[in-house]
Amino acid sequence: MDKDFTIIFEKMDEEARAEASASERGAVMLSAESLVELDELAELRRVVTEITEPEPLSFTTT
């Protein structure tokens with residue numbers, strides 16, 4: 001089973017960028033809910049990093 005979660009983070013980033021209007025792109029004040037969501041995303045990324053198996057090294061012999 002392939003455990004590649006990058007598409008999830010890419011789609012979440014695209015959605016977040018689409019939600020931000022032109023006036024919000026300057027200085028941003030985050031609400032408490034937004035901070036909690038950012039903490040949850042950071043934790044999710046940490047968990048994904050832990051459970052994702054590293055790519056096997058490829059050794060060739062001739």
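Residues numbered from 1 in each chain as written. Predicted model: local features only at pLDDT ≥ 70, side-chain atom pairs only at ≥ 80, totals over all residues. Heavy atoms only, no water.

**Student:** Can you walk me through the overall build of the chain in this structure?
**Tutor:** Summing up its helical and strand segments, the chain has two helices and zero strands in all. Buried residues in the chain amount to 3% of all 62 residues. Put simply, the chain shows about 6,100 Å² of open surface, and 58% of that area lies on carbon and sulfur atoms. (Helix = DSSP H or I, 4+ residues; strand = E, 2+ residues; numbered from the N terminus. Buried < 20%, exposed > 50% of the residue type's maximum accessible area, 1.4 Å probe, protein only. Areas by Shrake-Rupley, 256 points an atom, 1.4 Å probe, with all protein chains shown as cover.)

**Student:** What exactly am I supposed to notice about a nonpolar patch on the surface here?
**Tutor:** Taken together, Ile7, Ile8 and Met12 make up a surface patch of nonpolar side chains, about 260 Å² in accessible area. For Met12, the location among the structural elements is in helix H1 (residues 6-19). (Patch = residues over 30% accessible without salt bridge, like charges linked within 9 Å, V, L, I, M, F, W, Y side chains within 5 Å. Salt bridge = Lys/Arg side-chain N within 4 Å of Asp/Glu carboxyl O.)

**Student:** Would you mind going over a negative patch on the surface with me for this structure?
**Tutor:** Together, Glu33, Glu37, Asp39 and Glu40 make up a region of like negative charge exposed at the surface. Among the structural elements, Glu40 can be located in helix H2 (residues 32-51). (Lys, Arg positive; Asp, Glu negative; His and termini not counted. Charge placed at Lys NZ, Arg CZ, Asp CG, Glu CD.)

**Student:** Got a minute to help me understand the pattern of salt bridges in this structure?
**Tutor:** Opposite charge on two side chains permits pairing when their charged atoms draw close. Across all of its chains, the model carries two salt bridges by this definition. Between Glu43 and Arg46 there is a salt bridge, with its nearest N and O atoms 2.5 Å apart. With a gap of three residues between them, Glu43 and Arg46 both fall in helix H2, about one helical turn apart. The class of Glu43 is partly exposed, set by a relative accessible area of 38%. With a shortest N-O distance of 2.3 Å, Arg46 and Glu50 are connected by a salt bridge. Pair noted here: Arg46 and Glu50 are both in helix H2, with a separation of four residues, about one helical turn. Relative accessible area serves as the criterion here: at 57%, Glu50 is assigned to the exposed category. Where salt bridges share partners, they join Glu43, Arg46 and Glu50 into one cluster.

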